Amino acid sequence: MKKRFVFSAVLLLSVLGAFAQGNGMAGISEATSMVSSYFDPATKLIYAVGAVIGLIGGVKVYSKFSSGDPDTSKTAASWFGACIFLIVAATILRSFFL
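Residues numbered from 1 in each chain as written. Predicted model: local features only at pLDDT ≥ 70, side-chain atom pairs only at ≥ 80, totals over all residues. Heavy atoms only, no water.

### Details of the overall build of the chain
The helix and strand inventory of the chain stands at 4 helices and 0 strands. The linear arrangement of helices and strands in the chain, starting from the amino end, is α-α-α-α. The buried share among the 98 residues of the chain stands at 10%. Surface accessibility of the chain: about 8,000 Å² in total, with carbon and sulfur atoms responsible for 75%. (Helix = DSSP H or I, 4+ residues; strand = E, 2+ residues; numbered from the N terminus. Buried < 20%, exposed > 50% of the residue type's maximum accessible area, 1.4 Å probe, protein only. Areas by Shrake-Rupley, 256 points an atom, 1.4 Å probe, with all protein chains shown as cover.)

This is the structure:
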C-alpha cells in the first residue's frame, strides 16, 4: 500500500511539473514587455529631474555671481556637468535597453 501511495505521489508531481513548464517563454516575453514599457516614463522623469536641477543650479550660480564669489565658474561647471550627465545617461540607457 505504501509503495502505491509513493508511486502515485511521484507520478502526480511529475505530471504537475510537466504542466508548469509549458508557459515559460510566454512569461519571459510578458516580463520583457512590462520592463520595456517603463523606459519612456522613466526617461521623461529623468529629463524633468535634469531640468529642475538645471533651474536650481542657474539660480545658485546667479546668486554667487551677484554676491561676487570668486568660484562661480566652478559651481556653474559642476551644475552644468550634472545636467549633461543626467540627459546623456537617460539617452544611453534607453538606447541600450530598447
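Continuing now.
### Considering the confidence of the model for the chain
This prediction gives the chain a mean pLDDT of 79; 80% of its residues lie at or above 70. Per-residue pLDDT, averaged within each element of the chain, yields its smallest value for helix H1 (residues 2–20) (64) and its largest for helix H3 (residues 39–67) (86). (pLDDT = per-residue confidence, 0-100.)

### What to know about H3
Here H3 contains 29 residues, and its C-alpha end-to-end distance of 42 Å stays within 8% of the 42 Å for a straight helix at 1.5 Å per residue. Looking only at H3, the buried set comprises Phe39, Thr43, Gly50, Gly57, Val61 and Lys64. Once H3 finishes, Gly68 follows within two positions and takes phi at roughly 85°, a positive value. (Expected span 1.5 Å × (residues − 1).)

### Topic: the environment of Ala89
The topology assignment puts Ala89 in helix H4 (residues 72–97). Residue classification places Ala89 among the partly exposed residues on the basis of a relative accessible area of 24%. Sequence separation of Ala89 and Thr43 is 46 residues, and the distance between their C-alpha atoms is 9.4 Å.

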